[in-house]
Amino acid sequence: VKRWAKHRGICHAAKGHLSPYLWTLLTIYFLQVAGLEGGALLPPLEHFRLPRSLEGNAKMSSAKGVIEDSPSSDKKGEATSPAALFKAFLRFYAQDFDIRKEAISIRLGRRAPPHVSLPLHIAVSADGVSSEVGLNIEDPLDRRRNLGDCTTAWSLGRLREEFARAHSLCSQPEPPWSGSSS
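So, a few notes on the structure that sits alongside this text. (Residues numbered from 1 in each chain as written. Predicted model: local features only at pLDDT ≥ 70, side-chain atom pairs only at ≥ 80, totals over all residues. Heavy atoms only, no water.)

## Some words on the pattern of salt bridges
Scanning all chains against the criterion turns up twelve salt bridges. For Glu162, the salt bridge goes to Arg165, with nearest N and O atoms at 4.0 Å. Highlighted residues: Glu162 and Arg165, both in helix 4 (residues 153–171), separated by three residues, approximately one helical turn. For Glu162, a relative accessible area of 1% puts it in the buried group. A cluster of three or more residues bridged by salt bridges with shared partners is formed by Arg8, Arg158, Glu161, Glu162 and Arg165. (Salt bridge = Lys/Arg side-chain N within 4 Å of Asp/Glu carboxyl O. Helix = DSSP H or I, 4+ residues; strand = E, 2+ residues; numbered from the N terminus. Buried < 20%, exposed > 50% of the residue type's maximum accessible area, 1.4 Å probe, protein only.)

Listed below in C-alpha cells is the structure:
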C-alpha cells in the first residue's frame, strides 16, 4: 500500500498528504473492519497486551490484553493473496468508507463515527471560502489527537481521485496492460 501511495504521489506529509505511518494505520484499520471472507484479519488494538514498560502509561490504560477473543481468533479460512487484499483495500476506501461519518480508529477496530474527544478535521479549500470534512484518524496512543489534520482540501481530492482510479483499474475483468483481447 505504501509503495503504491508513494508511486502515485500521495504519501508525502510535507505536501499535505498522508505520511507512511498514516498509510500503515489505514491498512491496519482496513484489515480490522473490512468484510473479508472469514472475518477481520486483525483484532482491535485494545486486544493486544501492553509491554510491561507501557502498562503505567495513562494514555494507553484502556488496553485490555490478549485474554479476550478477537473477531478473527477462531476463523481459519484460506489465505487471501496480497493482490486480493490490495484490491479490497482500494474498494473499501474508494466506495465503502464514508469520510464524513467515520473515523479511522485501530484502537477500537470497528466502524464508527469519530469519538467526541477526537477533534474533527475540517479542510478549507485554497479559495478560503469552501470547506469539507477531512480525514479523521485517531492517534492509537492518544484518542484526543487527530492525525488526519495534516491533509488539505487539495490532498483529500487527490486521495479520492487516486482511490477511484486504482479501484477502477483493479475492477476491470482484464488488466489494460495485458495486451490480449477478447
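Having seen the structure, we can now continue with the description.
## Regarding empty space enclosed by the protein
Overall, the coordinates contain two cavities of 30 Å³ or more when judged by the stated rule. In this model, the largest cavity occupies a volume close to 60 Å³. In terms of lining residues, the largest cavity is bounded by Ala103, Ser105, Leu108, Arg110, Ala112, Pro113, Pro114, His115, Leu118 and Glu138. Of the pockets and cavities examined, the second largest cavity occupies roughly 30 Å³. (1 Å grid on protein atoms, 1.4 Å probe; cavity = no way out; pocket = protein on both sides within 12 Å on 5 of 7 lines; lining within 4 Å. Points joined across faces, edges and corners; volume = space filled by probe spheres on them.)

## Some points on the pairing of strand 4 (residues 142–146)
As judged from the two bridges shared by strand 3 (residues 138–139) and strand 4, these two strands associate in the antiparallel manner. Paired with Asp139 across the two strands is Asp142, which belongs to strand 4. (Pairing = 2+ DSSP bridges.)

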